[in-house]
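Residues per chain, in single letters:
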Amino acid sequence: QQAQLMEVLKKEVRAMLIAAKEGLTPAQLEEQYMAMVCKPLPLQDLGFLSTLDMVKHMPEVVRVSSCGNGVFILKAIADDTTQGIAQLVACQKERTRTKAWKKTAMKANAASPSKHSKHPQHSPWSARTPALPVTVKAELQDLLSSSPLLLKDLDKAFLRRFGRVFPYRQYGFSSVPEALRSMSDSIAVVEQAKAGSLLVLRKYLANMVEQEEVPRASAAEMPPLEPICETESFCQTALPMKCKPVETEAVHLGDHLKQVSGWTSDPQIFHVLLKWPQDSQQFLPKKLTLTPEIPPDAVQDRRLCSLPPLKRQCLVGVVVEFVASPSQFYIHICSRETSYKLRDLMFEMRHLYSHKLVSDQYIMPDSAVRPGQLCCVTVSKWWYRVIIHRVVSDQEVEVFYADYGHLQVVQKSWLRFLKWHYLKLPAQAIPCSLAWVKPVEGTWSAAATLLFKNLCRFKSLVGVVDEYVDGVLHLFLCDTSTKEDVYFHSVLRDKGYADVCGENIPSQEFKELNPSALYVQPSGKEIAELVEPDLCLQQESPDADSEAAALKL
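Residues numbered from 1 in each chain as written. Predicted model: local features only at pLDDT ≥ 70, side-chain atom pairs only at ≥ 80, totals over all residues. Heavy atoms only, no water.

An unreviewed UniProt entry lists the protein under the name Tudor domain-containing protein 5, with Furnarius figulus given as the organism. Taken from UniProt, the Sequence similarities (unreviewed entry) comment for the protein reads in full: "Belongs to the TDRD5 family." If you open the UniProt record of the protein and go to Subcellular location (unreviewed entry), you find "Cytoplasm". (UniProt positions renumbered as here; feature names shortened; annotations may be inferred.)

See below:
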C-alpha cells in the first residue's frame, strides 16, 4: 500500500511542479497539494519527517536546488510522457509572466541596497518579495481574534496554539516585525511605552467608527471591565500602569441611566477590548429588544460578476468542482491569485458571521427571501455565497452556490444577508461542457457520467480552451498525473459512451437550466467601480435584471 501511495504521490507532485515554471518551495508545495487534493501530504503514512525529506526520496521526479539562507526550490524532472505538456506549460506561462516578473525584479532590486552587493543575484527566489502564505496569515488572524497580544509574546502564544513556532524565517523574513509588516493591511501594531508593542486586528480598529453608529445599548448593563489577555505577561504589565478612567457616552434606557468607565492608559486600546466581538455578547442587556433593521451594507439588489472569458486554445490548470454530466459541470481555475482570494474570503466570512451578535444583524426577513436574491448560507460552520433559486416551503429554500456550481436545499434560518464587501470577488464557478463530444444514446447514461466523475475526482487537471457556446465554456480535459496523458473525450469514446464529432454541440442540460446565466452578471457588463453604499441610504426596489430573472423562473 505504501508503494502504491508513493507512486500516486510522485505523479501528483510532478504535475504540480510542472505547472510551476520557477519551481516551488517545500511550503508552497504543501499549500498547492492541500488546495488541489484537499488533504495534506501523506508524510506520516510514508514515514517521512518533512516535505524536503520526502522529495529527496523522489530523485527521478524532483530536482532540489538551494538558494541560500536555508531556502530550497523544487522543480519537476519531466519524463518522456510529460515532456510535451511541460514544454506547452512553459511556453504558455512565458508570455504572461515576463512583464510581471520584470516588475517584481525591479521592485526587489530597488528595495535592496546595491552598494553592499558586488555581484547580481540571479536566483529567482532572491528577486521575490517575502510573503506569508495564506494559511499562516489565517493562523495569525485566528490567534488575534480572541484578544490582542503583545509582540514579545507572539512566539509563545503561536507555539501553544498551533504546536510549532512562528515560521517567519521559512518564508524569507529576517524578523517577526518584518513579517508582521507584510500583513499591515490586517494587523495593526500599537506602540506602548511600558507594556511593549500590542498586536491588534486592524479591522476591529477600523470598525470602531462603524460600531459607534449602532445603538450603544451594549453599555447599559455592562459588568466591570476586566483585562482580556492572551498571556500572563500582558496582565502583569498592564495592571501596574497608571490608569485614567475613560468614560463612554451615557445610554438612556427607560428610567435606567448608567455610565461605564474602565482602566487603560490608552483610550484606543480600551475601546478595542470593550468592543471585541468574541466577548461582546456578554455585554448586551438581557431585557433590551432591538428592532430588526436591514444593515446599510447588506447586499439587496446586486449580482455577482463572472470571471473574464478565457482565450481560445490557452492552457489552464483546473479542478472540477461539480459534475451533472460530461456536458454540464463546473470548474475552478487553479491559480494562486484566485485560489487565495476565495480562501481568504471564506476565512473572513467564517470569522465575521460566526459571532452571533454580528450574524443576527444580517438575518433576512421573509420579504427578502425571494428567487434571485444574493446572500450567504452556513454549512458545517463555513459560509458560502449563494443565490436563492426557489422557495421550497416556509422553512426551506433551494440555493445556487456561485463559487462551486451546485444547487442545494437549505433551511431559511441558515441564510444571512451578504455584506457589500464580499460582493467584489467574481463568482468562481465556471459552467463547462466537454469539447467535441456527444452522447451515443442521445443523452448521457449513468455509467458515462460516473466514469467522467471518477476521471475528474480530486485531481488537478489541464484544460485546453476551445470556445464559448451560449455562455458555456467548452474545453478539453487532460490528466497529466499518470505515466501517459489521459484525454477525457478519448476515454469516453473508447468506452463506447461518446462520439467525437469535431464540433461543440450546445449543452441540452444547460439549455434547460443554467443558474450562472440567470444570476451571474457577465464580466463585460460589470459596473466600472463598486462604491460602498451610503450608510444613510438603503436601496428599496430590485433592479430590472432581478425582476427579469424572477419572471424567467
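## Description of the sheet that holds strand β11 (residues 382–391)
On the basis of which strands lie adjacent, the open sheet formed by 5 strands has the order β13-β12-β11-β10-β14 and antiparallel pairing. Because the sheet does not close on itself, it has two edges, and the strands there are β13 (407–411) and β14 (415–417). Along the sheet, successive strands turn relative to each other by an average axial angle of 50°, direction set aside. Bridge analysis of β11 against strand β12 (residues 396–401) gives 5 bridges, and the strand direction is antiparallel. Bridge pairing links Val-386 to Tyr-401 in β12. Across the sheet, helix α13 (residues 336–353) lies against β10 (374–379), β11 and β14, angled at about 85° from β11, the strand it touches most. (Pairing = 2+ DSSP bridges. Helix = DSSP H or I, 4+ residues; strand = E, 2+ residues; numbered from the N terminus. Axes fitted to C-alpha atoms, helices over the stretch in contact; angles between N-to-C directions. Contact = heavy atoms within 4.5 Å.)

## A short note on helix α2 (residues 26–37)
Under the 1.5 Å per step criterion, the end-to-end length of α2 is 16 Å for 12 residues, consistent within 8% with the ideal 16 Å. Of all 12 residues in α2, 9 are buried; the element is thus mostly enclosed. Residues Pro-26, Ala-27, Gln-28, Leu-29, Glu-31, Gln-32, Tyr-33, Met-36 and Val-37 constitute the buried set of α2. Check the buried side of α2 and you find it contacts α1 (2–19), α4 (51–55), β2 (72–76), α6 (134–145), β8 (315–325) and α13. (Expected span 1.5 Å × (residues − 1). Buried < 20%, exposed > 50% of the residue type's maximum accessible area, 1.4 Å probe, protein only.)

## Observations regarding the nonpolar core
Soluble globular proteins tend to pack their nonpolar side chains together in the buried interior. Of all hydrophobic cores here, the largest spans 45 residues; its most connected members are Tyr-353 and Leu-415. Per element, the largest residue contribution to this core is 6 residues, and it comes from α13. Other than its neighbours up to four places away in sequence, Leu-415 contacts Met-364, Val-369, Cys-375, Cys-376, Val-377, Val-386, Ile-388, Val-397, Val-399 and Val-410. Within the second largest apolar cluster, 28 residues are counted, among which are Val-318, Phe-452, Leu-461 and Leu-477. (Core = buried A, V, L, I, M, F, W, Y, C linked by side-chain atoms within 4.5 Å.)

## Things to note about the packing of aromatic side chains
Applying the stated criterion across every chain yields a total of 14 aromatic pairs. Aromatic side chains Tyr-330 and Phe-510 sit 5.9 Å apart centroid to centroid with 80° between the ring planes, which places their arrangement in the edge-to-face category. On the criterion of sequence distance, the pair formed by Tyr-330 in strand β9 (residues 328–333) and Phe-510 in helix α17 (residues 508–512) is long-range, its members being 180 residues apart. For Phe-510, a relative accessible area of 5% gives the class buried. Three or more aromatic residues link up through ring pairs in this structure, and these residues are Phe-158, Phe-162, Phe-166 and Tyr-168. Over the ring of Trp-382 we find Arg-350; its NZ or CZ atom is 4.4 Å from the centre of that ring. (Phe/Tyr/Trp six-rings, centres within 6.5 Å; stacked < 30°, edge-to-face > 60°. Lys NZ or Arg CZ within 6 Å of the ring centre and 35° of its normal.)

## With respect to the environment of Asp-155
Inspection of the secondary structure assignment puts Asp-155 in helix α7 (residues 154–162). Taking the C-alpha atoms as reference points, Asp-155 and Pro-167, separated by 12 residues in sequence, lie 9.4 Å from one another. Those residues within four positions of Asp-155 in sequence are excluded, and the remaining contacts are Phe-166 and Val-176.

## Let's talk about the pattern of salt bridges
Inspection of every chain in the model, using the stated rule, returns 11 salt bridges. As a salt-bridge pair, Asp-466 and Arg-312 come within 3.8 Å of each other at their nearest N and O atoms. Residue Asp-466 is found in strand β17 (residues 461–469), and its partner Arg-312 is found in the loop between α12 (277–280) and β8; the two are separated by 154 residues along the sequence. A residue is classified by how much of its surface remains accessible, and Arg-312, at 56% relative accessible area, is exposed. A network of salt bridges, in which partner residues are shared, links Glu-7, Lys-10 and Glu-60. (Salt bridge = Lys/Arg side-chain N within 4 Å of Asp/Glu carboxyl O.)

## Side note on the sheet that holds strand β5 (residues 198–201)
With respect to topology, 3 strands assemble into an open sheet ordered β3-β5-β4, the strand pairing being antiparallel. Edge positions in the open sheet fall to β3 (149–150) and β4 (187–190), since each of these has one partner strand only. Pairing of β4 with β5, which is carried by 4 bridges, proceeds in the antiparallel orientation. Each residue of the ladder has a partner; that of Val-189, found in β5, is Leu-199. Packed onto the sheet, α6 meets β3, β4 and β5 and runs at close to 100° relative to β5.

## Focus on the pairing of β17
In terms of strand pairing, β8 meets β17 through 4 bridges, oriented antiparallel. In the strand pairing of β17, Val-318 is matched with Leu-461. The pairing of β17 with strand β18 (residues 472–479) spans 7 bridges and is antiparallel. What sits directly across from Glu-467, in β18, is His-474. A loop of 2 residues connects β17 with β18, the two strands running antiparallel in sequence, and Asp-470 in this loop sits at a positive phi of about 55°.

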